Amino acid sequence: MNVFITKQVPQKGLDLLQEAGIAYTIAGNTLSQEALIAELKDYDALLSAGFVKADATLLEACRHLKVLSLFSVGYDNVDLATATSLGIPVGNTPGVLSRATADTAFLLMLAVSRKAFYNYHKILDGKWQEFEPVADLGIELDGKTLGIFGLGKIGYEMAKKCRAAFDMPVIYHNRRQNPEAEKELGARYVSFEELLAQSDVLSVHANFSPQTKELFNKDAFEKMKRNAIFVNTARGGLHQEEDLKAALESGAIWGAGLDVTNPEPMSPANPLLKMPNVCVLPHIGSATVETRDAMAVMAAKNVIAGLNGERLPTIVNAEVYG
Ligand code: 8YV
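Residues numbered from 1 in each chain as written. Predicted model: local features only at pLDDT ≥ 70, side-chain atom pairs only at ≥ 80, totals over all residues. Heavy atoms only, no water.

## Re the site of the ligand
By nearness alone, every residue bordering the ligand is listed as Gly50, Phe71, Ser72, Val73, Gly74, Leu97, Arg235, His283, Ser286, Arg292 and Met295. Between an oxygen atom of the ligand and a main-chain N or O atom of Phe71, the distance comes to 2.9 Å. The separation between an oxygen atom of the ligand and a polar main-chain atom of Gly74 is 2.8 Å. Protein contacts shield 84% of the accessible area of the ligand, which totals 330 Å² for the unbound molecule. Considered class by class, the residues forming the shell around the ligand number 4 nonpolar, 5 polar and 2 charged. (Near = heavy atom within 4 Å. Polar contact = N/O pair within 3.5 Å; in protein donor to acceptor, adjacent residues only side chain to side chain. Areas by Shrake-Rupley, 256 points an atom, 1.4 Å probe, with all protein chains shown as cover. Nonpolar A, V, L, I, M, F, W, Y, C, P; charged D, E, K, R; others polar.)

Here's what the structure looks like:
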């Protein structure tokens, strides 16, 4: 039994594979889809880290795979219907990255509110001048309303931090109501329109899907408060970048913090990077030692279960089991 791993992952996951008697190969470089398909002919499982498009072409060519284990919570890069129809179980890594990702959303919210990245660049550019009482002022967060779009595990952690740090009332919009967040955090369910109209900080934590694609567009930004901060740590495809730029330029919203962009990587020439009220990070939501270790362990456990013909501990397409 063997598994092909697309990128180096933390040793803790590799140790588990070894203990389970599973041989692994780690790709030396990023492979084209064609090369990956050719490689996978000799493997029973794929542990996919980074952006590997597991579309119908790849899955049909690799229908012999006993498991596709994702080193991520997101599964928007997998054609789940095809995986299920071919009987390939797909596993992901939910839960363990919620705190780290929420930390990143919190960091962006605070950094945007004080124009932190812009002010740092002023120093680098030799533009730290004399004290100016009205230059480059930020806005405070105490008591402001936090709106969460997609209040699942990560959104919950973000809401918890914002309540504890700044006593922010929480409103949210979801497919389903979240009774735990309502009870523990006093979160209030609102319509999407109300979320746009009432949030001082609007933080996005939803999955990317055809339903959520570019939901944050011109129309949405124009319905938001002029002092609003938009934060996206989910997927870049949830916002329309040109519309976001226009909304920031026109003052339709106050600022934006992005850990995800569309495309990734973002071009260094992107004008968003020069805007005072914008902070961009290169998709580091889950990038802590603790979280990446935990993700590696979870992804390895999915591989081991799949190769032993057992149900994956964290399965995305449970329908595969009928
Ligand atoms: C990963 C993520 O860094 O889990 C996710 O969905 O976006 C990040 O944790 C990324 O997917 C690389 O595998």
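From this point, the narrative continues.
## Looking at the packing of aromatic side chains
Scanning all chains against the criterion turns up 8 aromatic pairs. Summarising the aromatic geometry, the rings of Phe216 and Phe230 are spaced 5.2 Å apart at their centres and angled 45° between planes, so their arrangement reads as tilted. Of this pair, Phe216 sits in the loop between strand 9 (201-204) and helix 10 (218-223) while Phe230 sits in strand 10 (residues 229-232), and the two are 14 residues apart along the sequence. Across the pair, Phe230 and Phe216 agree in class, each one buried. Clustering of aromatic rings is evident, with ring pairs tying together Phe149, Phe192, Phe216, Phe221 and Phe230. (Phe/Tyr/Trp six-rings, centres within 6.5 Å; stacked < 30°, edge-to-face > 60°. Helix = DSSP H or I, 4+ residues; strand = E, 2+ residues; numbered from the N terminus. Buried < 20%, exposed > 50% of the residue type's maximum accessible area, 1.4 Å probe, protein only.)

## Overview of the sheet that holds strand 1 (residues 2-5)
Across the sheet, 5 strands lie side by side as 2-1-3-4-5; this open sheet has parallel pairing. Edge positions in the open sheet fall to strand 2 (23-26) and strand 5 (90-91), since each of these has one partner strand only. Examined bridge by bridge, strand 1 and strand 3 (residues 45-48) share 3 bridges and lie parallel to one another. Note that in strand 3 the partner of Phe4 across the bridge is Leu46. (Pairing = 2+ DSSP bridges.)

## Some points on a nonpolar patch on the surface
Residues Tyr120, Ile123, Leu124 and Trp128 make up a contiguous nonpolar surface patch of about 520 Å² in total accessible area. Positionally, Ile123 belongs in helix 6 (residues 116-124). In this structure Ile123 comes out as partly exposed when scored by relative accessible area, which is 46%. (Patch = residues over 30% accessible without salt bridge, like charges linked within 9 Å, V, L, I, M, F, W, Y side chains within 5 Å. Salt bridge = Lys/Arg side-chain N within 4 Å of Asp/Glu carboxyl O.)

## Brief notes about the environment of Ala187
With respect to the helices, strands and loops of the structure, Ala187 is situated in the loop between helix 8 (179-185) and strand 8 (188-189). Remark: the alpha-carbon pair of Ala187 and Ile171, spanning 16 residues in sequence, is separated by 5.3 Å. Once residues within four sequence positions are removed from consideration, Ala187 is found in contact with Leu151, Val170, Tyr172, Ala181 and Glu182. (Contact = heavy atoms within 4.5 Å.)

## Comments concerning the domain arrangement of the chain
Looking at the assigned domains, one finds that the chain contains domain 1 (2-96 + 289-321) and domain 2 (98-280). A straight line from the C-alpha centre of domain 1 to that of domain 2 covers 32 Å. The interface is formed by 6 residues belonging to domain 1 together with 6 residues belonging to domain 2. Across the domain 1/domain 2 interface, buried area totals approximately 510 Å², and carbon plus sulfur atoms make up 47% of it. The tally of links between domain 1 and domain 2 comes to 1 salt bridge. Between the two partners, domain 1 and domain 2, sit 2 residue pairs in polar contact (both at pLDDT 80 or more). For the side of domain 1 that touches domain 2, the residue count by class is 2 nonpolar, 3 polar and 1 charged. (Domains from an automatic or database assignment. Buried area = accessible area lost by both parts, 1.4 Å probe.)

## So, the packing of helix 5 (residues 98-113) against helix 7 (residues 153-166)
Where helix 5 contacts helix 7, the two axes come as close as 8 Å, and the packing angle between them is 50°. One element, helix 5, and the other, helix 7, form an angle in the oblique class. Judged by the twist between their axes, the crossing of helix 5 over helix 7 is right-handed. Judged by residue contacts, Ser98, Arg99, Thr101, Ala102, Asp103, Ala105, Phe106, Met109 and Leu110 of helix 5 engage Lys153, Ile154, Glu157, Met158, Lys161, Cys162, Ala165 and Phe166 from helix 7. Here the residues of the contact of helix 5 with helix 7 are counted per class, giving 10 nonpolar, 2 polar and 5 charged. (Axes fitted to C-alpha atoms, helices over the stretch in contact; angles between N-to-C directions. Parallel < 35°, antiparallel > 145°, perpendicular 65-115°, else oblique. Left-handed = near helix turned anticlockwise from the far one by under 90°.)

## Observations regarding the environment of Gln240
Inspection of the secondary structure assignment puts Gln240 in the loop between strand 10 and helix 11 (241-250). A sequence separation of 176 residues divides Gln240 from His64, and the C-alpha atoms of the two residues are 38 Å apart. Apart from residues lying up to four places away in sequence, Gln240 is in contact with Glu214, Phe216, Asn217 and Phe221. At 3.0 Å, the side chain of Gln240 forms a polar contact with the backbone nitrogen of Glu242.

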